[in-house]
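Observations on the model geometry
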Amino acid sequence: MRDAFNLPEDSTGLSLTITLFFVGSGIGNLVYGPMADALGRKRILIGSMVLYGLASLMATLSVSLGMLYVSRFIWGFAAAGPRTAAQAIVRDYYSGDAMARVMTLVMAVFFWAPVAGPPLGKGLVELGSWRYVMAFSVFTAVVIVAWSMRLEETLKPEHRRPLTFRSTMAGFRSVTTHPVTLGYTLATMFCAGAFFSFLASSELIFDDVFDQEHWFVPYFSIMAAGMGLVTLLNNRALHRFRARSVALGAGCLQICAAGTMLGLALATGGRPPFVLWITIFSLANACMVAFFPLGQSLALEPMGEMAGTAAAVLGFTMAMLGAGLAAIIDQAISGSVTPIGVGYLAYGTAALACQLFAVHHQRKRAMAPRTGFEPVLPD
């Protein structure tokens, strides 16, 4: 790609294509959420996938770096649509622990994709060029649009909200002031902050701290597969235990692992034994992976017909604010794993505090007399 756009070999200009994708996705969440609550889930799913395909086609045909930047922003904006619509559809069909079980299956696919992605991308580059990688998303968009045509609309007409500025702001206000939704959204945000730092800094840790860069790709692939397995085990656990209990257990175990990570780092000057530290690091990440679908499900649970708006707020908070929290850890890593231990422990503790806040209000609402249309969450 550097050759295609006449960039020097050490240019970092292409990294902006990743940043713009995530910025577009974060903004897209806030747009698609209210639209999904007003126009229905199916229209948003199909419309955003059409835009997704067009943006990937634009990236494939890019003749300048500026054109590539614009296409990547639009591509990310479009990618927020299926994510928001999918979560809203799950909420339309399911609630409670059943919803959490479905979300764990969705998350399993999300984590297994990175295992297949690198070899697929390498094969496409070997077959043609980087443009083949971009063009592949045109194909996936066509397939998903064709498949989505057979789906039924899950949002009943009587539950649709008007698409006006006042209604949209009222929806955002309802989502952000509901204590249960707010608590689990913030808990998910803090976990995302730690987890995104893993995604951004793990290669640096392998190389700069441990001088084990040759193990990074195998580890990342194994870790991605392991995360998919964790979500499936999580799914099985939800047949026996409440989602709220499993989420609290995952949060407590993550803090224990993070505390151990930090203790090892402090005792060894920031360079603990590689195998021991990576094992505990992987355990902490597994706990966060176990929490993500549960936290999202529990956050969406009270929202009902506002599931699209709630999913939008949840997605924006994770993508934008979570990335900001991760950047604090990333910038502090320099030849030592101590900053990531501090970050994991601090963010994990904050996430558990937010969980406990949400649980407190869940119990209060369960004991309160039922009023209005808001579902009472069982204790």
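In this report, we go over the structure that sits alongside the text. (Residues numbered from 1 in each chain as written. Predicted model: local features only at pLDDT ≥ 70, side-chain atom pairs only at ≥ 80, totals over all residues. Heavy atoms only, no water.)

Here we come to the overall build of the chain. For the chain, the helix and strand inventory stands at 12 helices and zero strands. Reading the chain from its N terminus to its C terminus gives the helix and strand order α-α-α-α-α-α-α-α-α-α-α-α. At 21 Å, the chain has a C-alpha radius of gyration in line with the 21 Å of a compact globule built from 379 residues. Along the longest, intermediate and shortest principal axes, the C-alpha atoms of the chain span 60 × 55 × 35 Å. For the chain, the residues scored as buried account for 51% of the 379 residues in total. Partitioning the intrachain contacts of the chain with sequence separation of at least 6 by distance along the chain shows that 82% fall at a separation of at least 24. Here the chain displays about 17,700 Å² of accessible surface, and carbon together with sulfur accounts for 69% of that area. The averaged location of the 20 negative side-chain charges in the chain is 13 Å from the averaged location of its 25 positive side-chain charges. (Helix = DSSP H or I, 4+ residues; strand = E, 2+ residues; numbered from the N terminus. Rg over C-alpha atoms; globule rule 2.2 N^0.38 Å. Buried < 20%, exposed > 50% of the residue type's maximum accessible area, 1.4 Å probe, protein only. Contact = heavy atoms within 4.5 Å. Areas by Shrake-Rupley, 256 points an atom, 1.4 Å probe, with all protein chains shown as cover. Lys, Arg positive; Asp, Glu negative; His and termini not counted. Charge placed at Lys NZ, Arg CZ, Asp CG, Glu CD.)

Attention now moves to the nonpolar core. Membership of the largest hydrophobic core comes to 61 residues, with the highest contact counts inside it found for Trp277, Phe281, Ile340 and Tyr344. Listed by contribution, the elements that provide at least two residues to this core are helix H4 (96-127), helix H7 (179-209), helix H8 (216-237), helix H9 (243-267), helix H10 (274-300), helix H11 (307-332) and helix H12 (338-367). Take this core: its biggest share by element is 14 residues, from H10. One finds Leu20, Tyr32, Ile44 and Leu65 within the second-largest nonpolar core, a separate group that totals 27 residues. (Core = buried A, V, L, I, M, F, W, Y, C linked by side-chain atoms within 4.5 Å.)

What follows is about the packing of H10 against H11. Closest axis-to-axis distance for the H10/H11 pair is 10 Å, and the angle between their directions is 140°. Considering the angle they form, H10 stands oblique to H11. Of the two possible hands of crossing, H10 and H11 adopt the one that is right-handed. Across from Phe292, Gln296, Ala299 and Leu300 in H10, the residues of H11 making contact are Ala307, Ala310, Ala311, Leu314 and Met318. (Axes fitted to C-alpha atoms, helices over the stretch in contact; angles between N-to-C directions. Parallel < 35°, antiparallel > 145°, perpendicular 65-115°, else oblique. Left-handed = near helix turned anticlockwise from the far one by under 90°.)

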